[in-house]
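Inside the fold
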Number of protein chains: 2
Amino acid sequence: MANSKVAGPEIERLIQLLARLPGLGPRSARRAALQMIKKKEQLLVPLAEAMGVAVEKIGVCETCGTVDTTNPCAICTDPRRDQSMLIVVEDVADLWALERAAAVNARYHVLGGNLSPLDGIGPEDLNIDSLIERCRLGDISEVILAINATVEGQTTAHYIMDRLAGIEVNVTRLAHGVPVGGELDYLDEGTLAQALKARTQF
Amino acid sequence: MANSKVAGPEIERLIQLLARLPGLGPRSARRAALQMIKKKEQLLVPLAEAMGVAVEKIGVCETCGTVDTTNPCAICTDPRRDQSMLIVVEDVADLWALERAAAVNARYHVLGGNLSPLDGIGPEDLNIDSLIERCRLGDISEVILAINATVEGQTTAHYIMDRLAGIEVNVTRLAHGVPVGGELDYLDEGTLAQALKARTQF
């Protein structure tokens, strides 16, 4: 209450909205709002503009489920991408991470989550039907399941595997092993066992 | 570079601007941007609106130096505030913190920083002249220096003290002592010594 008197409801509302962002609490939202207001021309004005553009332009790609300013997205329409390979990810953030790694030049399919019966998330809540459809209709020869190595992720992976059973497509998954730069001492036994099993020629 | 291809320059620009906010790095800015885009109606749209309002309305109060949507600000024009008392703070954030504490019903004067010869910040870079002017012209009977207990803060406090020498006004400062809820074990010797010296009747 005291806070809302300080500088008018407009600033208070800005702080409250900022506090809803991941990684920002009420305190850091206040600092962020103040920083914006102080650096009005360098920060607040361009940020307000960028958000206005985002509101206007950004949507979900109907083909792969990622977010972009065009529909279909820039990746789906990129002719230089390998059209026969599809990388299945849980979330747009995973897609961005793989693109940053720039290790493969394929197209994607964003599931939008994982199967989780406890949370009431079934196959109909994810973009699985559209994935099967893409594999059935398109010239897809390989589907890479780049899904988190969690229980839910693996459940989802197995479900997709089952659904793809009748379709002529090679299904692969990411390798397990020691992270690059990782120290053995800090790794769990499961990862170490997998890394040993999948050892390669030096 | 790989990143900018992912989802168009508009999203990339939003992420870059968010990463300039205090408390957000490139990684959390990406998470924040994605969260906004996913929750477009609940988060991105209202945030864009709130920022648009902020760009349009928020400015600096010419009397006290705080930020508000009106000029003079809501605090300076509030008739219920004690007109004879002025709290001097370094920054708007400090003003907000004191307002949240709601311990005093006075008006403020925001210096906009501290004297710091090493960083080239002299008296002319701070709102000190306007403070002296307010004390000289207004019916101010007490000036409370709510300035950080750092070397720069104390230098600034002493400088203000000197400048106020000829003016009929009582200058006070915040008490030093044990923070409420604080444990003695974790306090520095300077604070403990001050707390002992300024002990009060139980």
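Predicted model only: the values in this text are computed from it and were never measured.

Procedures and definitions
- Residues numbered from 1 in each chain as written.
- Chains lettered and ligands numbered in written order.
- Predicted model: local features only at pLDDT ≥ 70, side-chain atom pairs only at ≥ 80, totals over all residues.
- Heavy atoms only, no water.
- Helix = DSSP H or I, 4+ residues; strand = E, 2+ residues; numbered from the N terminus.
- Rg over C-alpha atoms; globule rule 2.2 N^0.38 Å.
- Buried < 20%, exposed > 50% of the residue type's maximum accessible area, 1.4 Å probe, protein only.
- Contact = heavy atoms within 4.5 Å.
- Buried area = accessible area lost by both parts, 1.4 Å probe.
- Salt bridge = Lys/Arg side-chain N within 4 Å of Asp/Glu carboxyl O.
- Nonpolar A, V, L, I, M, F, W, Y, C, P; charged D, E, K, R; others polar.
- Pairing = 2+ DSSP bridges.
- Axes fitted to C-alpha atoms, helices over the stretch in contact; angles between N-to-C directions.
- UniProt positions renumbered as here; feature names shortened; annotations may be inferred.
- Least-squares fit on C-alpha atoms with pLDDT ≥ 70 in both.
- 1 Å grid on protein atoms, 1.4 Å probe; cavity = no way out; pocket = protein on both sides within 12 Å on 5 of 7 lines; lining within 4 Å.
- Points joined across faces, edges and corners; volume = space filled by probe spheres on them.
- Polar contact = N/O pair within 3.5 Å; in protein donor to acceptor, adjacent residues only side chain to side chain.

Comments concerning the overall build of chain A
Scanning chain A for helices and strands turns up eight helices and six strands. For chain A, the succession of helices and strands along the chain, N to C, is α-α-α-α-β-β-β-α-β-α-β-α-β-α. In summary, chain A has a C-alpha radius of gyration of 22 Å against a globular reference of 17 Å for 202 residues, an excess of more than 25%. For chain A, the spread of C-alpha atoms along the three principal axes comes to 65 × 45 × 40 Å. Residue burial in chain A is summarised as follows: out of 202 residues, 43% are buried.

Section: the interface of chain B and chain A
One frequent convention defines the size of an interface as the accessible area lost when the parts assemble. Each partner contributes to the interface: chain B provides 54 residues, whereas chain A provides 54 residues. A buried area of about 5,200 Å², summed over both sides, lies between chain B and chain A, and 72% of it is on carbon and sulfur atoms. The interface formed by chain B and chain A includes four salt bridges. The set of elements that each furnish at least two residues to the side of chain B that touches chain A consists of α1 (2-18), α2 (26-38), α3 (40-57), β2 (67-68) and α4 (92-101) of chain B. Of all the elements, α3(B) adds the most residues to the side of chain B that touches chain A, at 15 residues. Counted by class, the side of chain B that touches chain A contains 35 nonpolar, six polar and 13 charged residues.

Topic: the sheet that holds strand β5 (residues 142-145) of chain A
All names here are of chain A. As summarised here, the arrangement of the four strands in space is β4-β3-β5-β6, forming an open sheet in which the pairing is parallel. The sheet is open, and its two borders are formed by β4 (106-110) and β6 (170-173), each paired with just one other strand. When strand polarity is set aside, the average angle formed by the axes of neighbouring strands in this sheet is 25°. Relative to β6, β5 is paired through four bridges, and the arrangement is parallel. Note that in β6 the partner of leucine 145 across the bridge is arginine 173. Across the face of the sheet, helix α6 (residues 128-137) comes into contact with β3 (82-89), β4 and β5 while running at roughly 150° to β4.

Topic: the UniProt feature "domain: Toprim" (unreviewed entry) in chain A
The residues that UniProt annotates with the feature "domain: Toprim" (unreviewed entry) are residues 84-179 of chain A. As annotated, residues 84-179 of chain A comprises 34% helix and 20% strand, and the C-alpha atoms at either end are separated by 28 Å.

Describing the sheet that holds strand β4 (residues 106-110) of chain B
Residue and element names in this part refer to chain B. Strands sit in the order β4-β3-β5-β6 across an open sheet of four strands; the sheet is parallel. Looking at the sheet topology across the chains shown, the edges are occupied by β4 and β6 (170-173). In this sheet, neighbouring strand axes are inclined to one another by 25° on average, regardless of whether the strands run parallel or antiparallel. In the sheet, strand β3 (residues 82-89) pairs with β4 via five bridges, with the strands oriented parallel. Bridging from a neighbouring strand, leucine 86 pairs with arginine 107 of β4. Contacts between α4 and the sheet are confined to β3 and β4, with β4 contributing the most and set at about 160° to the helix. On top of the sheet, helix α5 (residues 128-137) reaches β3, β4 and β5 (142-145); it is set at about 150° to β4, its chief contact.

Re the pattern of salt bridges
Residue and element names in this part refer to chain A. The final tally for this structure, using the stated rule, is 12 salt bridges over all chains. The shortest N-O distance in the salt bridge between arginine 81 and glutamate 99 comes to 2.9 Å. With arginine 81 in the loop between β2 (67-68) and β3 and glutamate 99 in helix α5 (residues 92-101), this pair connects stretches of sequence that are 18 residues apart. Glutamate 99 carries the same exposure label as arginine 81, and that label is buried.

Overview of the relation of the copies chain B and chain A
Relative to chain A, chain B is turned by 180° and slid 0.0 Å along the rotation axis, the superposed coordinates differing by an RMSD of 0.1 Å. When the rotation and shift are considered jointly, the pair of chain copies conforms to a two-fold rotation axis. The rotation axis passes nearest to the C-alpha of B:Ala48 in chain B, at a distance of 2.8 Å. Taken as a fraction of all interface residues of chain B, those also at the interface in chain A reach 100%, which identifies the copy contact as same-surface.

A few points about the UniProt feature "zinc finger region: C4-type" (unreviewed entry) in chain A
With numbering matched to this structure, UniProt assigns "zinc finger region: C4-type" (unreviewed entry) to residues 61-76 of chain A. Note that residues 61-76 of chain A is 0% helix and 12% strand, and that its end C-alpha atoms are spaced 9 Å apart.

A look at unusual backbone geometry
Residues and elements named next belong to chain A. For the peptide bond that leads from asparagine 71 to proline 72, omega is 5°, which places it in the cis range. Positionally, proline 72 belongs in the loop between β2 and β3. Residue alanine 102 is not a glycine yet carries a positive backbone phi of 50°. If you trace the backbone, alanine 102 turns up in the loop between α5 and β4. Residue class for alanine 102 comes out exposed when judged on its relative accessible area of 53%.

Re helix α2 (residues 8-18) of chain A
Of all 11 residues in α2(A), eight are buried; the element is thus mostly enclosed. Those residues of α2(A) not exposed but buried are A:Gly8, A:Glu10, A:Ile11, A:Glu12, A:Leu14, A:Ile15, A:Leu17 and A:Leu18.

With respect to the layout of surface pockets
Residues and elements named next belong to chain B. Considered as a void within the structure, the largest pocket measures approximately 540 Å³ in volume. The wall of the largest pocket is formed by 15 residues, among which Ile147, Ala149, Leu174, Ala175 and His176 lie closest to the centre. Contributing elements (two or more residues each) for the lining of the largest pocket: α6 (151-163) and β6. Among the elements that make up the lining of the largest pocket, the one with the highest residue count is α6 (four residues). If you add up the space inside the second largest pocket, you get close to 420 Å³.

Describing the side chain of B:Glu10
Structurally, B:Glu10 can be placed in helix α1. In this structure the side chain of B:Glu10 is engaged in a polar contact, spanning 3.3 Å, whose partner is the side chain of A:Lys57. For B:Glu10, the residues in contact, after removing those within four places along its chain, are A:Val53, A:Lys57 and A:Thr69.

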